[in-house]
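This is what each chain is made of:
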Amino acid sequence: MTATSLLFSCSMHVGMCHPPKVAATSYACCLQNQPWSPLNSASCGHYGVLENSKLSLRSDEILCRAGALQVESAPSFSVGQKFQLDDVIEAQQFDRETLNAIFEVTRSMENVRNNSSGSQMLKGYLMATLFYEPSTRTRLSFESAMKRLGGEVLTTENAREFSSAAKGETLEDTIRTVEGYSDIIVMRHFESGAARRAAETARIPVINAGDGPGQHPTQALLDVYTIEREIGKLDGIRVGLVGDLANGRTVRSLAYLLAKYQDVKIYFVSPDVVKMKDDIKEYLTLKGVEWEESSDLMEVASKCDVVYQTRIQKERFGEKIDLYEKARGKYIVNQDVLKVMQKHAVVMHPLPRLDEITVDVDGDPRAAYFRQAKNGLYIRMALLKVLLLGW
Amino acid sequence: MTATSLLFSCSMHVGMCHPPKVAATSYACCLQNQPWSPLNSASCGHYGVLENSKLSLRSDEILCRAGALQVESAPSFSVGQKFQLDDVIEAQQFDRETLNAIFEVTRSMENVRNNSSGSQMLKGYLMATLFYEPSTRTRLSFESAMKRLGGEVLTTENAREFSSAAKGETLEDTIRTVEGYSDIIVMRHFESGAARRAAETARIPVINAGDGPGQHPTQALLDVYTIEREIGKLDGIRVGLVGDLANGRTVRSLAYLLAKYQDVKIYFVSPDVVKMKDDIKEYLTLKGVEWEESSDLMEVASKCDVVYQTRIQKERFGEKIDLYEKARGKYIVNQDVLKVMQKHAVVMHPLPRLDEITVDVDGDPRAAYFRQAKNGLYIRMALLKVLLLGW
Amino acid sequence: MTATSLLFSCSMHVGMCHPPKVAATSYACCLQNQPWSPLNSASCGHYGVLENSKLSLRSDEILCRAGALQVESAPSFSVGQKFQLDDVIEAQQFDRETLNAIFEVTRSMENVRNNSSGSQMLKGYLMATLFYEPSTRTRLSFESAMKRLGGEVLTTENAREFSSAAKGETLEDTIRTVEGYSDIIVMRHFESGAARRAAETARIPVINAGDGPGQHPTQALLDVYTIEREIGKLDGIRVGLVGDLANGRTVRSLAYLLAKYQDVKIYFVSPDVVKMKDDIKEYLTLKGVEWEESSDLMEVASKCDVVYQTRIQKERFGEKIDLYEKARGKYIVNQDVLKVMQKHAVVMHPLPRLDEITVDVDGDPRAAYFRQAKNGLYIRMALLKVLLLGW
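Residues numbered from 1 in each chain as written. Chains lettered and ligands numbered in written order. Predicted model: local features only at pLDDT ≥ 70, side-chain atom pairs only at ≥ 80, totals over all residues. Heavy atoms only, no water.

Chain A carries the name aspartate carbamoyltransferase in an unreviewed UniProt entry, which gives Clitoria ternatea as its organism. UniProt lists a comment for chain A under the heading Subcellular location (unreviewed entry), and it reads "Plastid, Chloroplast". As stated in UniProt under Pathway (unreviewed entry), the record for chain A gives "Pyrimidine metabolism; UMP biosynthesis via de novo pathway; (S)-dihydroorotate from bicarbonate: step 2/3." (UniProt positions renumbered as here; feature names shortened; annotations may be inferred.)

Before going further, it helps to examine the pairing of strand 1 (residues 126-131) of chain A. Residues and elements named next belong to chain A. Of all 6 residues making up strand 1, 6 are buried, and the element is well covered by its neighbours. Here strand 1 pairs with strand 2 (residues 152-156) via 5 bridges, running parallel. The partner of leucine 126 across the bridge, within strand 2, is glutamate 152. The parallel pair strand 1 and strand 2 is bridged by helix 8 (residues 136-148), and the resulting crossover is right-handed. Here 5 bridges tie strand 1 to strand 3 (residues 184-189), and the two strands are oriented parallel to one another. Pairing of methionine 127 across the sheet is with isoleucine 184, part of strand 3. (Buried < 20%, exposed > 50% of the residue type's maximum accessible area, 1.4 Å probe, protein only. Helix = DSSP H or I, 4+ residues; strand = E, 2+ residues; numbered from the N terminus. Pairing = 2+ DSSP bridges. Right-handed = clockwise from strand over helix to strand, strands pointing away.)

What follows deals with the sheet that holds strand 1 (residues 126-131) of chain C. Residue and element names in this part refer to chain C. Here 4 strands make up an open sheet; going across it, the order is 2-1-3-4 and the pairing parallel. Each end of this open sheet is capped by a strand with a single partner; those strands are strand 2 (152-156) and strand 4 (206-211). Averaged over all adjacent pairs, the angle separating strand axes in this sheet is 15°, with direction ignored. For strand 3 (residues 184-189) and strand 4, the ladder comprises 4 bridges, and the chain directions are parallel. Bridging from a neighbouring strand, valine 186 pairs with isoleucine 207 of strand 4. (Axes fitted to C-alpha atoms, helices over the stretch in contact; angles between N-to-C directions.)

With that settled, consider helix 12 (residues 217-231) of chain C. In a regular helix each residue adds 1.5 Å, so 15 residues correspond to 21 Å; helix 12 of chain C covers 21 Å between its end C-alpha atoms and thus fits that length. The buried count for helix 12 of chain C comes to 13 of 15 residues, which makes it a mostly enclosed element. (Expected span 1.5 Å × (residues − 1).)

This paragraph deals with the packing of helix 13 (residues 249-258) of chain C against helix 14 (residues 278-286) of chain C. Residue and element names in this part refer to chain C. Close contact between helix 13 and helix 14 brings their axes to 10 Å; oriented N to C, the two are set at 10°. Classified by the angle their axes make, helix 13 and helix 14 are roughly parallel. Between helix 13, through Arg252, Ala255 and Tyr256, and helix 14, the contact on the second element is made entirely by Asp279, Ile280, Tyr283 and Leu284. Taken together, the residues of the contact of helix 13 with helix 14 sort by class into 5 nonpolar, no polar and 2 charged. (Parallel < 35°, antiparallel > 145°, perpendicular 65-115°, else oblique. Contact = heavy atoms within 4.5 Å. Nonpolar A, V, L, I, M, F, W, Y, C, P; charged D, E, K, R; others polar.)

A few words on the UniProt feature "domain: Aspartate/ornithine carbamoyltransferase Asp/Orn-binding" (unreviewed entry) in chain A. As recorded in UniProt, the feature "domain: Aspartate/ornithine carbamoyltransferase Asp/Orn-binding" (unreviewed entry) lies at residues 235-386 of chain A. Summarising residues 235-386 of chain A: 39% helix, 14% strand, and an end-to-end C-alpha distance of 25 Å.

All right, on to the pattern of salt bridges then. Any two side chains of opposite charge can pair, given that their charged atoms come close. Under the definition given, this model contains 87 salt bridges over all chains. Where Arg328(A) meets Glu325(A), a salt bridge forms, and the shortest distance between an N and an O atom there is 4.0 Å. With Arg328(A) and Glu325(A) both in helix 16 (residues 321-330), this residue pair falls 3 residues apart, about one helical turn. On the basis of relative accessibility, which here comes to 25%, the residue Arg328(A) falls in the partly exposed class. Here Glu325(A) falls in the partly exposed class, since its relative accessible area comes to 41%. Each of Asp173(A), Arg176(A), Arg353(C) and Asp362(C) takes part in a single network of salt bridges with overlapping partners. (Salt bridge = Lys/Arg side-chain N within 4 Å of Asp/Glu carboxyl O.)

So, about the environment of Arg311(A). Within the secondary structure, Arg311(A) is located in the loop between strand 8 (306-309) and helix 16. Note on Arg311(A): relative accessible area 9%, which makes it buried. Spatially, the C-alpha atoms of Arg311(A) and Tyr283(A) are 24 Å apart, while their sequence positions differ by 28 residues. Ignoring any residue separated from it by four or fewer positions in sequence, one finds Arg311(A) in contact with Asp244(A), His349(A), Pro352(A), Leu354(A), Glu356(A) and Lys167(B).

Residue and element names in this part refer to chain C. As for its position among the elements, lysine 265 is in strand 6 (residues 265-269). Using a relative accessible area of 10% as the deciding quantity, one classes lysine 265 as buried. Residues in contact with lysine 265, not counting those within four places in the same chain, are Ile237, Arg238, Val239, Glu290 and Glu292.

Looking now at the packing of aromatic side chains. Residue and element names in this part refer to chain A. Tallying each qualifying case throughout the model produces 18 aromatic pairs over all chains. A centroid spacing of 6.3 Å and a plane angle of 65° characterise the contact between tyrosine 132 and phenylalanine 190, whose relative ring orientation is edge-to-face. Here the residue tyrosine 132 occupies a position in the loop between strand 1 and helix 8, and phenylalanine 190 occupies one in the loop between strand 3 and helix 11 (194-201), the gap between them amounting to 58 residues. Since its relative accessible area comes to 29%, phenylalanine 190 is described here as partly exposed. The ring of phenylalanine 142 has arginine 380 sitting right over it, with the charged end atom 5.0 Å from the ring centre. (Phe/Tyr/Trp six-rings, centres within 6.5 Å; stacked < 30°, edge-to-face > 60°. Lys NZ or Arg CZ within 6 Å of the ring centre and 35° of its normal.)

Quick look at the side chain of Thr310(B) now. Residue and element names in this part refer to chain B. With respect to the element layout, threonine 310 can be found in the loop between strand 8 (306-309) and helix 16 (321-330). Classification of threonine 310 as buried rests on a relative accessible area of 5%. From its side chain, threonine 310 meets the backbone oxygen of valine 242 in a polar contact 2.7 Å long. A polar atom in the side chain of threonine 310 sits 3.0 Å from the backbone nitrogen of aspartate 244. With residues near it in sequence (within four places) discarded, threonine 310 still touches Val242, Gly243, Asp244, Val251, His349, Pro350 and Glu356. (Polar contact = N/O pair within 3.5 Å; in protein donor to acceptor, adjacent residues only side chain to side chain.)

To continue, consider the sheet that holds strand 9 (residues 346-348) of chain B. Residues and elements named next belong to chain B. Reading across the sheet, the 5 strands line up as 7-6-5-8-9 and stay open at both edges, with parallel pairing between neighbours. Each edge of the open sheet carries a strand with a single partner, namely strand 7 (290-293) and strand 9. Each strand axis lies, on average, 20° off the axis of its neighbour in the sheet, ignoring direction. Against the sheet, helix 14 (residues 278-286) contacts strand 6 (265-269) and strand 7, and its axis sits at roughly 145° relative to strand 7.

Let us look at the packing of helix 12 (residues 217-231) of chain B against helix 18 (residues 369-389) of chain B. Residues and elements named next belong to chain B. Where helix 12 meets helix 18, the closest approach of the two axes is 8 Å, and the angle between their N-to-C directions is 115°. As for the relative orientation of helix 12 and helix 18, their crossing is right-handed in sense. In contact with Thr218, Gln219, Leu221, Leu222, Asp223, Tyr225, Thr226 and Glu230 of helix 12, helix 18 contributes Arg371, Gln372, Asn375, Gly376, Ile379, Arg380 and Leu383. The residue inventory of the contact of helix 12 with helix 18, partitioned by class, reads 5 nonpolar, 6 polar and 4 charged. (Left-handed = near helix turned anticlockwise from the far one by under 90°.)

Another point: the environment of Glu293(B). All names here are of chain B. Looking at the secondary structure, you find glutamate 293 in strand 7. Looking at glutamate 293, the relative accessible area reads 34%, which means it is partly exposed. Taking the C-alpha atoms as reference, glutamate 293 lies 8.3 Å from serine 270; in sequence the two are 23 residues apart. Excluding its chain neighbours within four sequence positions, the residues that come into contact with glutamate 293 are Phe268, Lys275 and Lys281. At 2.8 Å, the side chain of glutamate 293 forms a polar contact with the side chain of lysine 281.

Here the focus is the confidence of the model for chain A. Residues and elements named next belong to chain A. Summary statistics for chain A give a mean pLDDT of 81 and a share of 76% for residues scoring 70 or more. For residues 1-18, every residue scores under 50 in pLDDT, and the model assigns this stretch 37 contacts once sequence neighbours within four places are set aside. Ignoring residues within four places in sequence, the model shows residues 22-81, a span with pLDDT below 50, making 95 contacts including any to other chains. Reported for the predicted complex are a pTM of 0.83 and an ipTM of 0.81. (pLDDT = per-residue confidence, 0-100.)

In structure tokens form, the structure reads like this:
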């Protein structure tokens, strides 16, 4: 919340220039105790500091200032005065209020999607997908989201072999180049923290599409959105996290976000080798979230609103294939589990799934995992809209 | 034709919802003797069963029903009542009537293409190119077709390394995810039969862009279209199939389709090691198509309307390079062949060509192979239009 | 200039058909002393000779002729009567008059870009990026340019593995196929001269995005454009070329272009192992351009309007890592260099940069290299516009 209010005071300071990102730039300045340079206040719309420095006042600045006036009087922006969203870097950055606002926009996106002629909301905007490691599912979801809103996409599926990166260019230099070609950057990187570095450099919004073992915030958002969409509430829910809780980036982020809601109870069901780590347990306790570990999937399934199954990640076991095989078979969601689950409860999974959910579960209305994947599209549409157009 | 009528009765049952694919879903149900679930009848437009299950009536359903009324009164759809096209899986699926209807749409596409401002017919539609093995030529042709009609594209050139596929996700699960992001899937796969599996899973149309040694139906369609476009007829034509007839997927599919026309004669001209296989010969005989094998290219060329040359596929010879070299040089289309060919006849080739057609042939008006490649664009435009908008 | 005038007389001959490329076709004919065939005069707009051969007069030809009349009366085209731009193959092809005209269009593109809703100038046009070696920076820049103007893109990042190329298809055949799917080809190739071969084959415009050690004309254009944009003039400027002058394609092309302006002085500052080659020195002398070699970066920096730094290309040193390390550290642009540089002078770099420019230079208004990269976008927008729509 401090960040939020700080941001707000900044965005007041530099005026209502679009997109919100400019506030982030200013925010960065505040933190680094840098003086306000004329360059910074000039960097308006998606135009960087550097390119304006030697030019006389340019049409985009005029447009921007004109735009500012209109914007200030636009009620729709009043939301934006509550909180400013500049980049999407980690699940923890969102407070409950921001989550609600994002989910509200997300729901509206379901209808946009349903209009086969599509929306032109982001017409003229260019998204660069800068992927330093392949993740076709995530990339397609973001690119579909951008195109469903009438925007365009520049794709880089192997940024790691980005000729210049191979030659030793820094991430910062690459970002400075790519921001010249696009209006928003969606980045997947193999290094934890890379997304933050990119966001600090870029003068356009950056969305973290996963950085190494670190964060995958849009996955966390779509998980929480799906729970609310399926169960109808977030306060007072019972969630069973099943499978690989030690290595699963998803379940960790989900636990962080669920801690923002009231009277939540979380059950951890996992083979001993991949138990949930203490940092999360301590965080939950600190936040007053009730949790317990259990080895009885059936019992947990019968109590929960959500059974969140995950894949045992073979790649994390290295040599120890025997351990993997043992862990893998232990907790399977099948017809027996469905039988004990409540009528209103759902099965979720971040996908891809192997055999930890049997195929005969797919036909059951409570199998929510493909709807969950689809919600990823709506969440990403909403984030693109908010980051590029504001609330 | 049974399938066709079945499809029609089904499509009647579920009403005129768009796109036609919904009929296929119902059809699938019939086959599997599943009861009609409210979910199925609700799955309308490009919206799957799953995602509707927990939602109240959504705008797309209303739109769809409204649309239905208009559609029923639209004469253009009367064609659709004769036959329903839901997926493009194999050359054999098309009867002569369907081929004529497709070619009629294809001809209209040549004019669309000629309007440099392009058509917006498919504006708002998203095509996913899911290629499990690279085929740049085919991919570009499909993507060009979609964009020429104002549609958008999601590209996956290395779906085989699709992170989730690598982790062991089934094709069915991948399809269920991708169908959430797009309106039609164009799939290239290394396994024969993969396209059918995808089509049975998907609730949106699937086009087979080649599955292993199996089928490449759009190539077969463009070949037949080219013959009609160049010669002006299909009944009573004389076609010489030259080169690698044992491994050439193209010539096999072409033979299948030619069998649907009257008084066709086919000549097989190939080195002994790559002769046409018996299954095709038997099929032609069964269908009353006259065929003969010949080792005299000059004589065949002098009689044919179409000399269809193919590349000897080195990759099929493995170690036996000597056999390859021997086969390769045997039948070359050059100026001498042109001299004996009739004025109205044409040379075709699926491309790429090496030296089985000498470069000095390119300048002759009878060299139809680059026009043939171009026709692939029109055929694919037509299929995308019909599958997404109906007839 | 002979070529230019020849082209013009040809374009007069075939009329004002669009796009200009048709003139190139005719030009090719002149050179090869081929008679005017009805086919050639029929090949109009982006329609090739072959595809028209068997067809009666088609709508695009009519359109084209109609268009021609309008065009002839359009004053904007009067520029086009001075010189015809058909392909972009090498820096040397541009005379000073053409450069000025291109830069004029480029300046107008900066405003197009600033309109966030984008331009629809190239709506309905398709650009194929045919890259035989990866160059993400260049590819993204061209694709961004095309999309900023409302055009669409077909991407091939690994044309070298273009299935058909791998099977031994000639570049010419690939071009004939790709030209059927698109309206303009942007090609990157590993072989010097490949771009010219492509342009001679293609009936649509071709832009060379770098062919091996040969040419990278759009880089050269953006460098000269940046100098004029930053310094305000090109005649009478002092330019220091620093770093790897032996292998740097960029500095060689830049030297060629600078020779077209009056009273230019060039300083070469480079480690002995990577000195500027004699051919360029002789060319400059021949053109009356003053040049000198120096080993004193500080002295040169104090005199120049432009310090053009380049990366020492490790990949060119092979085994001799010691030589590389020695050369690499020798001339670094840092705060000390900035101190001696004049207020109006700028530092340029083609990027990527390693440590030959220290990061603390980035904040200085005279650090022009990221603006330079951005200008690449505007130059490419201008070239696409001129090649597809004419002047």
